[in-house]
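Structure assessment
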Amino acid sequence: MNFTLADKWVLITGASSGFGAAAARAFGREGAQLLLGARRVERLEAVAAEARQAGATEAHSHFLDVAQTGSVNEFASWARTKAGRVDVLINNAGGAHGLDPVAEAKDEDWEAMIQSNLLGILRVTRAMLPLMPRDAGASIINIGSLAGRTAYEGGAAYCAAKAGELQITRALRLELNGTGIRVSTVDPGLAETEFSLVRFKGDATRAKKVYQGTQPLTAEDIAETLVWVASRPPHVNIDELLLKPTDQAAIHKVYRRK
Ligand code: NDP
Ligand code: 8X3
């Protein structure tokens, strides 16, 4: 029997935009109860309202910076008070900063990528594990990337961070074997969100070019996939799921219409 999401507590990091915001709405449509975290709290509150409108029985938001252990621990205390449990943990917060080759890249960009995409998952998972029920179909779903499996020029630190995410996911699955907690990675290819806007530090023209002439995945495509992964029957673990746009045959091979 499928794992029913109605009235389950779903915690999503990086819920203020992109995949995280779409996931809040999608889990809301399933009647889940939501705990949403990110740094831009006004946007988080708007997403929580949309999720309630979609059908979430509860949707709460709170400041979270996954790059800061203090912030993660404070967020975990808030989650304990609000919900007392977390049935589905979605480690989504992250992104890329810059597309410079190693010879020219900046420490601050490397550090931001390793902090959010890699250390953030470790911190958030450590803080939330005590709230996750054993033998009840709970899930940890980490967002990886095609970039964690294939390197590209200018992507050294981002690809390394996402390759790290994959190994964290695999290690956690071993550590949690026997607890009934499932551990998955969902690894998308090209998807149009604020990802490129953040990577190119607000340069909207450059960000738009990434998707020009091609049909990328949407945030909603990823959100539907996350709902599907979390709602498999409790004895089924979707270990690793890769999804790419039909136009993307490989990381460097993207079909673009004239
Ligand atoms: P967006 O930029 O739209 O969303 C990123 C989210 O992460 C925002 O909500 C942002 O919130 C949050 N975030 C970033 N840093 C932190 C932090 N330190 N603490 C808390 N929250 C943080 O991009 P996407 O939705 O595309 O990205 C979501 C995830 O998917 C990322 O991990 C990304 O690497 C990954 N991914 C994206 C792909 C794509 O092509 N779009 C493909 C494969 C993977 P705020 O700024 O408010 O804190
Ligand atoms: C985001 C996908 O290919 O831009 O993780 O790195 S890519």
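In case you missed it, the structure is sitting above this.
A few points on the structure.

Thresholds applied
- Residues numbered from 1 in each chain as written.
- Chains lettered and ligands numbered in written order.
- Predicted model: local features only at pLDDT ≥ 70, side-chain atom pairs only at ≥ 80, totals over all residues.
- Heavy atoms only, no water.
- Helix = DSSP H or I, 4+ residues; strand = E, 2+ residues; numbered from the N terminus.
- Rg over C-alpha atoms; globule rule 2.2 N^0.38 Å.
- Buried < 20%, exposed > 50% of the residue type's maximum accessible area, 1.4 Å probe, protein only.
- Near = heavy atom within 4 Å.
- Polar contact = N/O pair within 3.5 Å; in protein donor to acceptor, adjacent residues only side chain to side chain.
- Areas by Shrake-Rupley, 256 points an atom, 1.4 Å probe, with all protein chains shown as cover.
- Nonpolar A, V, L, I, M, F, W, Y, C, P; charged D, E, K, R; others polar.
- Core = buried A, V, L, I, M, F, W, Y, C linked by side-chain atoms within 4.5 Å.
- Contact = heavy atoms within 4.5 Å.
- Expected span 1.5 Å × (residues − 1).
- Pairing = 2+ DSSP bridges.
- Right-handed = clockwise from strand over helix to strand, strands pointing away.

Examining the overall build of the protein chain
- Each helix and strand in the protein chain was counted, giving eight helices and nine strands.
- Here the protein chain has a C-alpha radius of gyration of 17 Å; the compact-globule value for 258 residues is 18 Å, and the two agree.
- Summarising its shape, the C-alpha atoms of the protein chain cover approximately 45 × 35 × 35 Å along the three principal directions.
- Burial status across the protein chain gives 54% buried among its 258 residues.

Remarks on the site of ligand 1
- In the vicinity of ligand 1 there are 31 residues, among which Ser16, Arg39, Arg40, Tyr158 and Thr193 approach most closely.
- Glycine 95 places a polar main-chain atom, nitrogen or oxygen, 3.5 Å from an oxygen atom of ligand 1.
- Interatomic distance of 2.6 Å between a side-chain N/O atom of threonine 193 and an oxygen atom of ligand 1.
- Relative to its unbound accessible area of 880 Å², ligand 1 is 95% covered by the protein chains.
- Residue classes in the shell around ligand 1 are distributed as 14 nonpolar, 12 polar and five charged.

Some points on the nonpolar core
- Membership of the largest hydrophobic core comes to 39 residues, with the highest contact counts inside it found for Ile12, Phe27, Leu34, Leu36 and Leu226.
- Of all the secondary structure elements, the ones that give two or more residues to this core are strand S1 (9-13), helix H1 (18-29), strand S2 (33-38), helix H2 (41-54), strand S4 (88-91), strand S5 (139-143), helix H8 (219-230) and strand S7 (240-243).
- Setting aside anything within four residues of it in sequence, one finds phenylalanine 27 in contact with Leu5, Val10, Ala32, Leu34, Ile90, Leu226, Val227 and Ala230.
- Listed in part, the 30 residues of the second largest apolar core include Trp9, Val124, Met128 and Met132.

Comments concerning the side chain of asparagine 117
- Position of asparagine 117 relative to the elements: it lies in helix H4 (residues 107-128).
- Overall, the relative accessible area of 0% leaves asparagine 117 in the buried class.
- Separated by 2.8 Å, the side chain of asparagine 117 and the backbone oxygen of glycine 95 make a polar contact.
- At 3.0 Å, the side chain of asparagine 117 forms a polar contact with the backbone oxygen of methionine 113.
- In this structure asparagine 117 touches Ala93, Gly94, Gly95, Tyr158, Ala161, Lys162 and Glu165, once residues within four positions along its chain are discounted.

Here we look at H1
- For H1, which comprises 12 residues, the first-to-last C-alpha distance of 17 Å matches the rise-based estimate of 16 Å (1.5 Å per residue) to within 8%.
- Of all 12 residues that make up H1, nine are buried, and the element is covered over most of its length.
- Turning to H1, its buried residues are Phe19, Gly20, Ala21, Ala22, Ala23, Ala24, Ala26, Phe27 and Gly28.
- Just downstream of H1 lies glycine 31, where phi reads positive at about 80°.

Side note on the pairing of S2
- The buried fraction of S2 is high, at six of six residues.
- Here S2 shows no split at all, with Gln33, Leu35 and Gly37 on one side and Leu34, Leu36 and Ala38 on the other all buried.
- In this structure, S1 lies alongside S2, joined through five bridges in parallel fashion. Residue pairing for S2: isoleucine 12 is matched across the bridge by leucine 36.
- Where the polypeptide runs from S1 across H1 and back to S2, its parallel neighbour, the crossover connection is right-handed.
- Taken together, S2, H2 and strand S3 (residues 58-63) form a β-α-β motif whose crossover is right-handed.

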